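Each chain, written out:
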Amino acid sequence: MSLIGDSLDVVLAFPDDMAQKLDSMEQATITLYYRATEDDIRSRVDGILAGAQQLWLGQRLEALQVDPRQMEPVVVRRIDLSSSREKIGQTLGAMVPYFFMIFCFLGCMYPAIDLGAGEKERGTMETLLSSPASRLEIFMGKFGVVALGGLTSAMLAIGSLALSIQFNSQSFGELPPEFTESMSSMVQPGTLAMLFLLLLPLTVFFASTLMTLSISAQSFKEAQSLISPVMILVMLPTVVAFIPGIELTTANAWIPIFNVSLAARDILAGTLTTEPFLIAVVSLFALALLGMLISLRYYKSERNVLPS
Amino acid sequence: MIEIEQLSKSFELNRRQRKEMGSDFSGKTVYAVRDVSLTAKPGRIFSLLGANGAGKTTTLRMVATMLRPSAGTIRVCGMDTVRDAAAVRSKLGFLTGSTGLYTRLTPVELLRYFADLYGMPRALFEQRKNHYFDLFDMHPFADRQIGKLSTGMKQKVSIVRTVLHDPDVLVFDEPTSGLDVITARNIIELIRDCRTQGKTVIFSTHIMSEVEMLCDDLAIIHRGSLVYSGTYEHFKSNMQTSSLSDEFVRLATSAEKV
C-alpha cells in the first residue's frame with residue numbers, strides 16, 4: 001500500500017524461513033515490488049541482490065568443497081587491438097562532422113536569405129537586374145558569397161579545433177596522453193584535405209538549396225520560415241553518425257549528408273576505406289552541380305526573381 | 001527612342017492562383033499586357049497612365065529587359081530588348097518609387113559599385129560623381145552609411161545612381177510614390193533635366209498633376225490594354241470632361257464596358 005501511495009520506491013519481501021532455506025541449501029524466494037516508471041531504482045536494487053546472490057553461491061560452493069573456477073568452464077580473455085585514435089575517433093569523430101555541418105549550414109543560411117529574399121524585400125534586386133550584368137553573372141556573384149560564407153564558417157570551426165589541440169595541449173593536462181596524441185594525429189594535413197574534399201561539395205549543395213529557397217520567398221521572414229525545417233532535415237542524418245555500429249558502405253555512401261557524417265567520422269578515426277569514400281565524394285559533387293543548376297534555373301525565372 | 005510594337009505579356013497561373021481568380025476564370029494564363037504599341041521619342045517625356053494593376057510596371061519591366069515579352073517587340077535605341085538585353089541595359093537608367101539602396105554602404109561606395117557594373121572608368125566616375133554631388137549638395141553625407149540618411153538624401157543617391165552612366169533612355173516607374181513633396185520635387189526636376197538634355201524619358205504614374213506638369217506624350221493602359229496613345233495636346237483638346245482625372249476615369253470606364 002505504501003508503494004502504491006508513493007511513500008516508498010521499492011519493497012523487498014523476504015520469506016519468514018529465509019535463513020533455514022539458505023542453511024538447508026534450498027531455494028528461497030524474495031519478492032521485489034517496484035514501479036516500471038522508476039526503473040533506475042529497480043536496477044540499483046537488482047545490482048545489490050546480484051551481489052548477495054554471488055555471496056550466497058560462494059558460501060554454498062565452499063560448503064560443498066567445490067572450487068568456484070570449476071563452475072566457469074571457459075574464461076574469455078579480451079584483447080583490444082584498436083588504437084586509441086580509432087577509439088577516440090569513433091566517438092569524437094562523430095561530433096566533428098556534426099559541428100562543421102552546423103557551421104557550414106549557418107554560414108550559408110544568412111547570406112542566402114539576405115542576397116535572395118532580402119534583396120527583393122529591400123527593392124535592391126530590381127536595381128541590380130537593370131544593370132548590364134547578366135543574370136548568370138549576378139547569380140554567380142551571389143552564389144559565390146553564400147558558398148564562401150559556409151566554407152569559411154566550417155573551416156574556421158575545424159581550424160580552431162585543430163589549432164586549440166596543436167597549441168594548447170597543456171590545457172589538456174588532466175586528460176590521458178593517448179587522448180591528446182590521438183587528437184593531434186587527427187589534425188594532420190592529409191586528414192584535413194580529405195575533410196575539405198567532403199566539405200567543398202557539401203557547401204555548394206547547402207548554398208544551392210538555400211539560395212533556391214531564398215529566391216522563391218518574397219521576404220526575409222518567409223525565407224527564414226522556409227529554411228528552418230530544412231535545417232532539421234540536414235541535422236537528422238548527421239546525428240546517425242553517433243549511433244555505434246553504423247559503417248560507411250558502398251551502398252549508404254550514396255546518401256547525401258549521411259555519407260559526410262560517416263566518412264568524416266572514419267577519416268578522423270583512421271578507419272576509412274577508399275571505395276565508399278570515393279562514392280561519397282563523387283555523389284556529393286554530382287549533387288552539388290545538380291543543386292546549382294536548379295538554383296540557377298530558379299534565379300532565371302521571372303516569377304521568382306522579381307518582387308511580386 | 002523606345003519603340004514598342006504589339007507587346008503582350010502573359011503569366012501562367014499555378015493551381016492556387018487559378019483558385020484565387022474565382023470560379024468564373026477557366027484559363028491557365030492571365031494577360032498582364034495585351035497588344036500594346038507606343039513610341040517614346042528623344043527629348044520628350046512619355047507618361048504611362050493607369051490604375052493599380054493596369055500593366056504599367058510589367059510594361060516598364062519589359063522595357064528594362066527584366067521580363068521577356070510573350071509576344072511583340074521592344075526596341076530601345078534601335079536594339080531589341082530580348083536579343084541585345086545587356087546592351088539595352090547599358091543605355092538605360094531605371095528608377096522606381098520602391099527602389100532600394102544597400103543601406104550598409106555609403107553613397108560613394110554604392111555609386112562606385114554601380115559604376116563598376118556599368119564598366120565606367122575610374123576617372124570618368126570621379127568626374128561624374130563630383131558633378132552630381134555638387135549639383136545635389138551631397139558632399140556632407142557622401143561617406144555616411146545610407147541606412148542613416150533621411151528619405152530625401154536617399155532619393156538623391158537613387159537619382160545619381162540612375163543617371164551616373166549618362167543613359168540615353170530613362171525609365172521611371174511611379175518614381176514619386178510614397179515620397180514627400182520636397183523629395184518628389186527632386187524627381188520632377190530630374191525628369192525635366194533629362195528632357196532638356198535630349199534623352200528619352202518614359203514614366204508611369206497615377207498622379208494626374210505630374211502628368212500635367214511633365215508630359216509631352218501619353219498612353220493610358222487599362223487592364224493590360226491600350227486605351228489611348230498620342231500627344232498630350234491632342235489628348236487635352238479632345239477631352240469630353242473638365243479635368244484630366246475625370247477624362248482618365250471616363251476612358252477607363254468605357255474600356256471596361258467594351
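About the cut-offs
Residues numbered from 1 in each chain as written. Chains lettered and ligands numbered in written order. Predicted model: local features only at pLDDT ≥ 70, side-chain atom pairs only at ≥ 80, totals over all residues. Heavy atoms only, no water. Helix = DSSP H or I, 4+ residues; strand = E, 2+ residues; numbered from the N terminus. Rg over C-alpha atoms; globule rule 2.2 N^0.38 Å. Buried < 20%, exposed > 50% of the residue type's maximum accessible area, 1.4 Å probe, protein only. Contact = heavy atoms within 4.5 Å. Lys, Arg positive; Asp, Glu negative; His and termini not counted. Charge placed at Lys NZ, Arg CZ, Asp CG, Glu CD. Axes fitted to C-alpha atoms, helices over the stretch in contact; angles between N-to-C directions. Parallel < 35°, antiparallel > 145°, perpendicular 65-115°, else oblique. Left-handed = near helix turned anticlockwise from the far one by under 90°. Nonpolar A, V, L, I, M, F, W, Y, C, P; charged D, E, K, R; others polar. Phe/Tyr/Trp six-rings, centres within 6.5 Å; stacked < 30°, edge-to-face > 60°. Salt bridge = Lys/Arg side-chain N within 4 Å of Asp/Glu carboxyl O. Expected span 1.5 Å × (residues − 1). Buried area = accessible area lost by both parts, 1.4 Å probe. Polar contact = N/O pair within 3.5 Å; in protein donor to acceptor, adjacent residues only side chain to side chain. Core = buried A, V, L, I, M, F, W, Y, C linked by side-chain atoms within 4.5 Å. Domains from an automatic or database assignment. Pairing = 2+ DSSP bridges.

### Brief notes about the overall build of chain B
Thinking step 1. On a plain count of helices and strands, chain B comes out with 10 helices and 10 strands.
Thinking step 2. Relative to a compact globule of 258 residues, whose C-alpha radius of gyration would be 18 Å, chain B shows 19 Å and is just as compact.
Thinking step 3. Residues classed as buried in chain B amount to 48% of the 258 residues present.
Thinking step 4. The contacts in chain B between residues at least 6 apart in sequence include a share of 67% that link residues at least 24 apart.
Thinking step 5. Looking at chain B, you have 34 positive and 29 negative side-chain charges, and the mean spots of the two groups are 6 Å apart.

### What to know about the packing of helix α3 (residues 84-122) of chain A against helix α8 (residues 220-240) of chain A
Residue and element names in this part refer to chain A.
Thinking step 1. Between α3 and α8, the least distance of the axes is 10 Å, while the angle of their chain directions is 165°. Viewed along their axes, α3 and α8 adopt a mutual orientation that is roughly antiparallel. Of the two possible hands of crossing, α3 and α8 adopt the one that is right-handed.
Thinking step 2. Its residues placed into classes, the contact of α3 with α8 shows 18 nonpolar, 3 polar and 2 charged.

### Considering the packing of aromatic side chains
Thinking step 1. On inspection of all chains with the given rule, the structure shows 9 aromatic pairs over all chains.
Thinking step 2. Here A:Phe205 and A:Phe206 contribute two aromatic rings whose centre-to-centre distance is 6.3 Å and whose plane-to-plane angle is 35°, an arrangement assigned as tilted.
Thinking step 3. Classification of A:Phe205 by relative accessible area gives buried; the value is 18%.
Thinking step 4. Taking relative accessible area as the criterion, A:Phe206 reaches 1% and is therefore assigned buried.
Thinking step 5. Summarising the aromatic geometry, the rings of B:Tyr113 and B:Phe114 are spaced 5.3 Å apart at their centres and angled 70° between planes, so their arrangement reads as edge-to-face.

### Digging into the pattern of salt bridges
Thinking step 1. Per the counting criterion, the structure on display carries 19 salt bridges over all chains.
Thinking step 2. For A:Glu126, the salt bridge identified is with B:Arg61, shortest N-O distance 2.9 Å. Taken together, the positions of A:Glu126 in helix α4 (residues 124-129) and B:Arg61 in helix α2 (residues 56-63) put the pair across two chains. Per residue, the accessibility class of A:Glu126 equals that of B:Arg61, and both read buried.
Thinking step 3. Between B:Arg112 and B:Asp116 there is a salt bridge whose closest N-O contact spans 2.5 Å. Within this pair, B:Arg112 and its partner B:Asp116 are both found in helix α4 (residues 107-117), separated by 4 residues, close to a single helical turn.
Thinking step 4. By relative accessible area, B:Arg112 is classed as buried at 14%.
Thinking step 5. Its relative accessible area of 46% is what places B:Asp116 among the partly exposed residues.

### A word on helix α10 (residues 274-300) of chain A
Thinking step 1. Under the 1.5 Å per step criterion, the end-to-end length of α10(A) is 39 Å for 27 residues, consistent within 8% with the ideal 39 Å.
Thinking step 2. Residues A:Pro276, A:Phe277, A:Ile279, A:Ala280, A:Val281, A:Ser283, A:Leu284, A:Ala288, A:Gly291, A:Ser295, A:Leu296 and A:Tyr299 constitute the buried set of α10(A).

### Let's talk about the interface of chain B and chain A
Thinking step 1. Taken together, the contacts link 26 residues of chain B with 18 residues of chain A.
Thinking step 2. Both sides of the chain B and chain A interface together cover about 1,900 Å² of buried area, and 50% of this is carbon and sulfur.
Thinking step 3. For chain B, the biggest contributors to the area lost against chain A are B:Met66, B:Arg89 and B:Tyr102; these three give 31% of the whole.
Thinking step 4. Across the contact surface, chain B and chain A share 2 salt bridges.
Thinking step 5. The tally of links between chain B and chain A comes to 9 residue pairs in polar contact (both at pLDDT 80 or more).

### Brief notes about the environment of A:Leu195
All names here are of chain A.
Thinking step 1. You can see leucine 195 is positioned in helix α7 (residues 189-216).
Thinking step 2. Residue leucine 195 is classed as buried on the basis of its relative accessible area, which comes to 2%.
Thinking step 3. When neighbours within four sequence positions are excluded, leucine 195 is seen to be in contact with Phe100, Ala264, Ile267 and Leu268.

### Brief notes about the nonpolar core
Thinking step 1. If you look at the biggest cluster of nonpolar residues, it comprises 128 residues, and the most contacted ones within it are A:Phe100, A:Leu198, A:Phe206 and B:Leu92.
Thinking step 2. Counting residues per element, this core draws most heavily on α3(A), which supplies 13 residues.
Thinking step 3. Among all residues touching A:Phe206, those that are not within four sequence positions of it are A:Met101, A:Cys104, A:Phe105, A:Cys108, A:Val234 and A:Ile257.
Thinking step 4. Counting residues in hydrophobic clusters, the runner-up holds 13 residues, among them B:Leu218, B:Ile220, B:Met239 and B:Leu251.

### As for the domain arrangement of chain A
Thinking step 1. Domain boundaries in chain A define domain 1 (3-71) and domain 2 (84-305).
Thinking step 2. Computed over C-alpha atoms only, the centres of domain 1 of chain A and domain 2 of chain A are separated by 55 Å.

### Focus: the pairing of strand β3 (residues 45-49) of chain B
For a regular strand, the rule is simple: side chains alternate between the two faces of the sheet.
Residues and elements named next belong to chain B.
Thinking step 1. Counted residue by residue, β3 has 5 buried out of 5 residues, so it is predominantly covered.
Thinking step 2. What you see with β3 is no split at all: Ile45, Ser47 and Leu49 on one side and Phe46 and Leu48 on the other are buried throughout.
Thinking step 3. Alignment of β3 against strand β8 (residues 200-205), held across 5 bridges, turns out to be parallel. Residue pairing for β8: isoleucine 45 is matched across the bridge by valine 201.
Thinking step 4. Pairing of β3 with strand β9 (residues 217-222), which is carried by 4 bridges, proceeds in the parallel orientation. Residue pairing across strands places serine 47 opposite leucine 218, the latter belonging to β9.

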